[in-house]
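In case you want the letters, here they are:
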Amino acid sequence: MASYDPDPKMKFSFGLWTVGNPGRDPFGLPTREVISPTEICNLLGEVGAWGVNLHDTDLVPIDSTQQERDRIVKDFKKSAKENGLAIPMCSANLFSEPIFKDGAYTSNNARVRAYAVQKTIRAMDLGAELGCKYYICWGGREGIESDATKDPVEAIKRFRECINFICHYNKEQGYNYKVCFEAKPNEPRGHMYFAVTGSYLAVIPTLDFPEMCGVNPEVAHEHMAGLNFVHHVAQAIEAGKLFHIDLNDQEFGRYDQDFRFGSANLKHAFFLVKLLQDHGYNGPRQFDAHAYRQADYEDVEAFASGCMRTYMILKEKVDRWNGDKEIQQLVKLVNQSDPLEKLTKKFSAANAQKLKQAPLDRHKIASERLPYERLDQLTMEVIMGVR
Ligand code: GLT
Ligand code: MN
Ligand code: MN
């Protein structure tokens, strides 16, 4: 029987805001006591996580004095160390404070944009002090309820300007952050800019430092929009831009649920793990999720262990799928090669001429077998644990 204990090589991490989530929702008060960053580190140490992540103000309350800040940072470093936790990722909270009610980098107000950049570079200083290597940009308030309120082209330009500033700062300070953009279609705004991972993949090449920037896709965010998350991640991998990933789960079309990884759509979770494992993804795997509102802290531990355990189990299923003779025969059968491929691999006028003359019988080709029912059933049986 394989061990499903969290493997440090998988770089499983949790944000302070995830296991520390006290169960508040838009309709109800918190159901759990707030716990300190030290207690969170202890909890994560207990369940065997690899890393702990933070927003600036998850750790240092916004109105702290310099002295308080320094003490908090020192204590946090100590707790992380005592629990064997890396601190890989940091971010600035640019969504909770009322000043961000109409956005941060894309706000209509230049003073808000300046404050957002100021808060970001201070968060980068904080993260650098903690040894963070990934800086996440989630534009929680970058969007609109009504397009009467903002010019969407202007919003993109404002966003680019702020990001360029931040990237220059990263370079000038020698922080070496990988800057990762996280898309979301809506919530908390009615409509958010850069709604899907592909939106960021399109904007990155237009930045001053494209090589510094990549994406941090989150399962729930594409699923909220009814999209195939695996395909978005695949596009990021193919572009060399999958720097970081947020794993969780979500029923399609519902509100932002941030469920335990694999708890809602097991088949998609399987193919996501398969994608990450098959393509040698080596960055952190952050579980950006939180426990049900009914959970107490013992159950929050069960939630955190469950996220990692499900990943480890699915990883084993992937090995099983990849090593299954019948499955592999089917994979081979449905992926047909042909010498004709030489013609379409690279364009030349001669190849185009040859292609025009090629005897391609559409009826014959259409009659070739694609036993996808069998392949999918075998896949399901691997996932269901009978194969
Ligand atoms: C917030 C959001 C997440 C982002 C975090 C980083 S904060 O919890 O729902 O998707 O990854 O800012
Ligand atoms: Mn989310
Ligand atoms: Mn996230």
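Residues numbered from 1 in each chain as written. Chains lettered and ligands numbered in written order. Predicted model: local features only at pLDDT ≥ 70, side-chain atom pairs only at ≥ 80, totals over all residues. Heavy atoms only, no water.

Colleague: What am I meant to see in the pairing of strand β6 (residues 178-182) here?
Modeller: Both faces of the sheet carry side chains from a regular strand, because those side chains alternate between them. When you tally the buried positions in β6, you get 4 out of 5 residues, the bulk of the element. With 5 bridges joining them, strand β4 (residues 134-138) and β6 adopt parallel strand pairing. Across the sheet, residue W138 finds its bridge partner in β6, namely E182. Pairing between β6 and strand β8 (residues 213-215): 3 bridges, direction parallel. Pairing of C180 across the sheet is with G214, part of β8. (Buried < 20%, exposed > 50% of the residue type's maximum accessible area, 1.4 Å probe, protein only. Helix = DSSP H or I, 4+ residues; strand = E, 2+ residues; numbered from the N terminus. Pairing = 2+ DSSP bridges.)

Colleague: I'm lost on the sheet that holds β6 in this one. Help?
Modeller: The strands that make up a sheet pair up through hydrogen bonds in the backbone, lying either parallel or antiparallel. Strand order in the open sheet made by the 8 strands is β8-β6-β4-β3-β2-β1-β10-β9, with parallel pairing throughout. The sheet terminates laterally at β8 and β9 (245-247), the two strands that pair on one side only. With direction set aside, neighbouring strand axes in the sheet form an average angle of 30 degrees. Sitting on the sheet, helix α6 (residues 152-173) touches β4, β6 and β8, and the angle it makes with β6 is about 155 degrees. (Axes fitted to C-alpha atoms, helices over the stretch in contact; angles between N-to-C directions. Contact = heavy atoms within 4.5 Å.)

Colleague: Quick question: what am I supposed to make of the packing of aromatic side chains here?
Modeller: Working definition: an aromatic ring pair is given by the centre-to-centre distance plus the angle between the planes. This structure, assessed with the given rule, holds 18 aromatic pairs. Taking 5.3 Å as the distance between ring centres and 35 degrees as the angle between the ring planes, the aromatic pair formed by F14 and F287 counts as tilted. One end of the pair, F14, is in strand β1 (residues 12-15); the other, F287, is in strand β10 (residues 285-287), with 273 residues separating them in the sequence. Ring plane angle 40 degrees and centroid distance 5.9 Å describe the contact between F159 and Y200, whose orientation is recorded as tilted. (Phe/Tyr/Trp six-rings, centres within 6.5 Å; stacked < 30°, edge-to-face > 60°.)

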